[in-house]
Amino acid sequence: MKDKEGVKKKSARKVEKSGVKREKGIFLDTAIINANVITVDENMSRAEAVGILNGRIVAVGSNEEIESMVGSNTKVIDAKGKTVVPGFHDSHMHPLLVGHFARGVQLTDVKDIPEMLERIKEKVKETPKGEMILGFGWNQERMAEKRYPTRWEVDTVAPDHPVFLIHWNAHIYLINTVLMKQKGITRDTPDPPGGTIVKNEKGEPTGVLLENAIDLIAPGFLETGAGLFSYEQSKAALKYCADKAAEWGLTSIVDILAGDAQVKAYQELEAEGNLPVRVNFYLGFQYLDYLIKLGIKSGFGSSKVRLAGAKMIVDGSLSSHTAALREPYTDMPDSKGVMRLTPEEIRAFVENATKNGIRVDIHALGDGAIETVLKIFRETMNKYKVKDPRFKISHCIIHGPDLIEQFREMNVIANVQPVFVMKGQHWIPRLVGPQREKYAHPYRSMMEAGIHMCSGTDAPIETMNPIMNIYAAAVRKDAQGIPEGGWHPEQCVPVEHALKMVTIEGAYATGEEHVKGSIEVGKYADLVILTDDPLAVEPDKIKDIRVLLTMVGGEVVHSKME
Ligand SMILES: [Zn+2]
């Protein structure tokens, strides 16, 4: 007896040492072998192979261990030594706009206004007269003229089509005269609340609209595509985005600002088997009352389409000087930016959502907006004693040590966009000056404070490649490797941490860390196979890593494996 027990003990120890964790007596649906598996579990442990059954991970261990569970019906994927990581998460994107913009005029890289007009002219040629022309990505900061283009300039190439051109930051819009007339905007039209119709010295609208003035053209467009596109077009746009996401290795995406069109379309796509990735969505704050009335809480939905919470935008963007700062802009000393809502409005939203079990994500870029929101979070926490509200702030670009401390105290999640560092480095110094610039995108400081940070690309603001979020957080350079040494390199995070931000932290941000975000037994079989190991290559080369295979719930949704 003693001997037998001794043997048992020994074999148990052996299993423990080898690291295999499995359920007994099963044959796998899929086995991934010969892999360099970075599990992103608590110890960042490695493995050689992964076993999958019924859409879940049931074993993680050595080739030998996983092969012992291979049956005659098991599909074996030989990773040939390539790296396997948990499926990537994008914690902040706008799938509808990704889809619509993909069919519009791309203006992200135009160097000057003539080039911009040339591209619109090309689109005009292939578009039936009178049909809407949509463009996206222009940015006066990156164009030679360094000023907003005007409607009269657009009219020279598009005299007969309505034209709607959205700025790179999606807070500024340019329309031509046809669209302006269609919408009845004249020199006498007053600015709508929270928006500006830019006028020239003669009082004529120049075609540029700021912030809420978009409501004059297409109210709710950024949420639902309303006013410009049909439901079927929007559904097709969402499918386009989901397919692209799978190609980029994303297994979970967050639609950060959804409306009724998206909710319906996502459900239909799922039912039709046309949704390759998991979608969490945040509904615009105007939907909050409906949710409460129905008793719907965060987490409602399926494993594929799920309500994560509600979203509110409280300030604007840096490049348009509308992010709300505590002190004036360095290059615009009479302005501290714009709060789009009053503290009372924000408080009512946060309190109502929180006490009804709906988690919030609040768009706040500037330290002024962040400070206001944190104060409201604290009051709400004290008032309702909610255990784990997982308050979240999107962007948090201009930060501060005192604000970081508050994030830590309240466990507020920072939903950050490391890819923004790539372009932001060029204007943040001019906008906020040397002192505040040190706390722009301060990922290292937040990491050291133990703050949960998840990464998003804000696509279509940036391309949705999650690997660029790892790269940018780790090296703080743009895609061309500029600047050498990185922009404020003291705020770089280790690659390992940047990887967590696009995997397990993404899962944590939507309250799903128990079912995804790492390669561990019991979790969804959401994973990707990469060309290289991000933890082994030179950090500068991370951006060149490509996705070979994407798996969601055990299904291969994208593959370039030979
Ligand atoms: Zn956004």
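Up top is the structure.
Residues numbered from 1 in each chain as written. Predicted model: local features only at pLDDT ≥ 70, side-chain atom pairs only at ≥ 80, totals over all residues. Heavy atoms only, no water.

(A) Here's a closer look at helix H4 (residues 113-126). In a regular helix each residue adds 1.5 Å, so 14 residues correspond to 20 Å; H4 covers 21 Å between its end C-alpha atoms and thus fits that length. Lining the buried residues of H4 we find strand E10 (105-106), strand E11 (133-138), helix H5 (151-155), strand E12 (163-167) and strand E13 (172-175). (Helix = DSSP H or I, 4+ residues; strand = E, 2+ residues; numbered from the N terminus. Expected span 1.5 Å × (residues − 1). Contact = heavy atoms within 4.5 Å.)

(B) Structural context of the pattern of salt bridges. Across all of its chains, the model carries 36 salt bridges by this definition. For glutamate 115, the salt bridge identified is with arginine 119, shortest N-O distance 3.0 Å. With a gap of four residues between them, glutamate 115 and arginine 119 both fall in helix H4, about one helical turn apart. The partly exposed category is assigned to glutamate 115, whose relative accessible area is 27%. Using a relative accessible area of 24% as the deciding quantity, one classes arginine 119 as partly exposed. (Salt bridge = Lys/Arg side-chain N within 4 Å of Asp/Glu carboxyl O. Buried < 20%, exposed > 50% of the residue type's maximum accessible area, 1.4 Å probe, protein only.)

(C) A look at the packing of aromatic side chains. Taken as a whole and judged by the stated rule, the model has eight aromatic pairs. Pairing phenylalanine 101 with phenylalanine 136 gives two aromatic rings, centres 4.2 Å apart and planes at 15 degrees, and the pair type is stacked. Here the residue phenylalanine 101 occupies a position in helix H3 (residues 95-102), and phenylalanine 136 occupies one in strand E11, the gap between them amounting to 35 residues. Of the two residues examined, phenylalanine 101 and phenylalanine 136, each falls in the buried class. (Phe/Tyr/Trp six-rings, centres within 6.5 Å; stacked < 30°, edge-to-face > 60°.)

(D) Examining the sheet that holds strand E4 (residues 46-47) more closely. Spatial strand order, E4-E3-E8-E23-E24-E25: six strands in an open sheet with mixed pairing. Taken across any chain shown, the strands that pair with only one partner, and hence form the sheet edges, are E4 and strand E25 (555-559). When strand E8 (residues 83-86) meets strand E23 (residues 527-530), the two strands line up antiparallel, connected through four bridges. Opposite proline 86, over in E23, you have leucine 527 as the bridge partner. (Pairing = 2+ DSSP bridges.)

(E) Unusual backbone geometry, seen in detail. Residue alanine 459 is joined to proline 460 through a cis peptide bond whose omega torsion reads 10 degrees. With respect to the helices and strands, the residue proline 460 is situated in the loop between strand E22 (453-455) and helix H17 (466-475). Here the amide bond leading from isoleucine 482 into proline 483 is cis, since omega sits at -5 degrees, within 30 degrees of zero. Along the chain, the position of proline 483 falls in the loop between H17 and helix H18 (495-501). Phi angles above zero are rare outside glycine, and valine 40 is one such case at about 55 degrees. Along the chain, valine 40 falls in the loop between strand E3 (36-38) and E4. Although it is not a glycine, histidine 395 sits at a positive phi angle of roughly 85 degrees. Of note, histidine 395 is situated in strand E20 (residues 392-395).

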